[in-house]
Amino acid sequence: MEYGVVLRPISLKIKKEKDFKTFTRIENPFLPFNRNAVLFPRKINGKFMMLSRPSDSGHTPFGDIFLSESPDMVYWGRHRHVMGKGQQWWQNVKIGGGAAPIETSEGWLLFYHGVTGTCNGYVYSIGGAILDMDEPSIVKYRCDTFLLTPEEWYEERGFVPNVTFPCASVQDAESGKIAVYYGAADTYVGLAFTKADEVVEYIKEHSVITKEDAEIGLR
């Protein structure tokens, strides 16, 4: 049985399915308002794990990533802070999850989004971080530079301009190849390619983390 998270403007809803045709509603994992829910692909220490960003009723002008856990996908708790917005220009307003974390020998590879504000509105870029394998509220490495930012016309122009937003990924363990699907200007779907060892090494070489990043997240 597979589980999925459905994003709504003010709350998150979880459903389960067996055939991608019939879906059964479970429960809301969190109280409104919350956004950017990302499930880990497997249990960690016997618990389901989910990243999210507590929000508000508007287009949130703030945002940190939190980690929550559940024994059964119904009751969620032990909410812990993972990381906050960075000092770098591309993520100095807010951050949030994106594609599901990818298990690597260095830890969980996370493609997330960072937001900055300009006179022409928000700009969404894609960043990268590596979380501890057994305690994902610990950030081991966090790249101070973006991995992808709006540069192509289809990323700069669309329903919501200047957006590159990681949504999903496909990995091949044997070759290490990773394909990242990302939203472009909220109008198109882009596809970016990398290799696990290359992107992990890049994140490690350009890593800047804070004391709060490196600690087990506070409740």
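Predicted model only: the values in this text are computed from it and were never measured.

Undergrad: I'm lost on the overall build of the protein chain in this one. Help?
TA: In terms of helices and strands, the protein chain carries three helices and 15 strands. The C-alpha atoms of the protein chain give 17 Å as radius of gyration, which agrees with the globular expectation for 219 residues (17 Å, within 12%). By its C-alpha atoms, the protein chain is 40 × 35 × 35 Å across when sized along the principal axes. In the protein chain, buried positions account for 45% of the 219 residues. For the protein chain, long-range pairs separated by at least 24 residues make up 49% of all intrachain contacts whose partners lie at least 6 apart in sequence.

Undergrad: Looking at this structure, I do not really get the sheet that holds strand β13 (residues 164-172). What am I missing?
TA: Sheets are built from strands that pair by backbone hydrogen bonding, the pairs being arranged parallel or antiparallel. On the basis of which strands lie adjacent, the open sheet formed by three strands has the order β13-β14-β15 and antiparallel pairing. A single partner strand is all that each edge strand has here, and the edge strands are β13 and β15 (188-195). Strand-to-strand twist in this sheet, taken as the mean axis angle between neighbours without regard to direction, amounts to 25°. Inspection of the sheet shows strand β14 (residues 177-184) paired to β15 by eight bridges, in the antiparallel sense. Note that in β15 the partner of A184 across the bridge is Y188. Helix α2 (residues 196-205) rests against β14 and β15 of the sheet, and its axis sits at about 85° to β15.

Undergrad: What should I look at first to understand the layout of surface pockets in this one?
TA: Empty space among the atoms becomes visible once a probe the size of a water molecule is rolled across them. Volume-wise, the second largest pocket comes out at about 320 Å³. Around the second largest pocket sit 17 residues that line it, and R35, H59, Y124, F165 and D186 are the ones nearest its centre. Contributions of two or more residues to the lining of the second largest pocket are made by β4 (34-39) and β11 (121-131).

Undergrad: Sorry, what's going on with unusual backbone geometry here?
TA: For the bond from P32 to F33, the omega torsion is 10°, close enough to zero to count as cis. Relative to the elements of secondary structure, F33 occurs in the loop between β3 (23-25) and β4. Positioned with a positive phi, D186 is a non-glycine residue whose angle comes to about 55°. As for its position among the elements, D186 is in the loop between β14 and β15.

Undergrad: I'm lost on the pattern of salt bridges in this one. Help?
TA: Here the idea is simple: oppositely charged side chains can pair when their charged atoms come close. Under the counting rule described, the total for this entry stands at six salt bridges. Here E69 makes a salt bridge to K47, at a shortest N to O gap of 3.4 Å. With E69 in strand β6 (residues 65-70) and K47 in the loop between β4 and β5 (48-54), the pair connects residues that are 22 residues apart, well separated along the chain. For E69, a relative accessible area of 13% corresponds to the buried category. Put simply, E69 and R78 hold a salt bridge, and the shortest N to O gap is 3.3 Å.

Undergrad: Any chance you could explain the sheet that holds strand β7 (residues 77-83) here in plain terms?
TA: Here four strands make up an open sheet; going across it, the order is β4-β5-β6-β7 and the pairing antiparallel. Edge strands, defined here as strands with exactly one partner in the open sheet, are β4 and β7. Ignoring strand direction, the axes of neighbouring strands in this sheet form an average angle of 30°. Across four bridges, the pairing between β4 and β5 is antiparallel. The residue of β5 that forms the bridge with V38 is L51.

Undergrad: Where do I start with the pairing of β5 in this structure?
TA: Side-chain positions along a regular strand alternate between the two faces of the sheet. Judged by how many residues are buried, β5 sits mostly within the fold: six of seven residues are covered. Note that β5 and β6 share five bridges and pair antiparallel. For M50, the partnering residue across the bridge sits in β6 and is S68.

Undergrad: What's the story with a negative patch on the surface in this structure? I'm lost.
TA: Taken together, the side chains of D197, E198, E201 and E205 present a region of like negative charge at the surface. With respect to the element layout, D197 can be found in helix α2.

Undergrad: Explain the side chain of S68 here, please?
TA: With respect to the helices, strands and loops of the structure, S68 is situated in strand β6. By relative accessible area, which is 2% here, S68 ends up buried. In this structure the side chain of S68 is engaged in a polar contact, spanning 2.6 Å, whose partner is the side chain of H79. Sequence-distant contacts of S68, that is, excluding residues within four places in its chain, are made with F30, F48, M49, M50, W76, G77, R78 and H79.

Calculation notes
- Residues numbered from 1 in each chain as written.
- Predicted model: local features only at pLDDT ≥ 70, side-chain atom pairs only at ≥ 80, totals over all residues.
- Heavy atoms only, no water.
- Helix = DSSP H or I, 4+ residues; strand = E, 2+ residues; numbered from the N terminus.
- Rg over C-alpha atoms; globule rule 2.2 N^0.38 Å.
- Buried < 20%, exposed > 50% of the residue type's maximum accessible area, 1.4 Å probe, protein only.
- Contact = heavy atoms within 4.5 Å.
- Pairing = 2+ DSSP bridges.
- Axes fitted to C-alpha atoms, helices over the stretch in contact; angles between N-to-C directions.
- 1 Å grid on protein atoms, 1.4 Å probe; cavity = no way out; pocket = protein on both sides within 12 Å on 5 of 7 lines; lining within 4 Å.
- Points joined across faces, edges and corners; volume = space filled by probe spheres on them.
- Salt bridge = Lys/Arg side-chain N within 4 Å of Asp/Glu carboxyl O.
- Patch = residues over 30% accessible without salt bridge, like charges linked within 9 Å, V, L, I, M, F, W, Y side chains within 5 Å.
- Areas by Shrake-Rupley, 256 points an atom, 1.4 Å probe, with all protein chains shown as cover.
- Lys, Arg positive; Asp, Glu negative; His and termini not counted.
- Charge placed at Lys NZ, Arg CZ, Asp CG, Glu CD.
- Polar contact = N/O pair within 3.5 Å; in protein donor to acceptor, adjacent residues only side chain to side chain.

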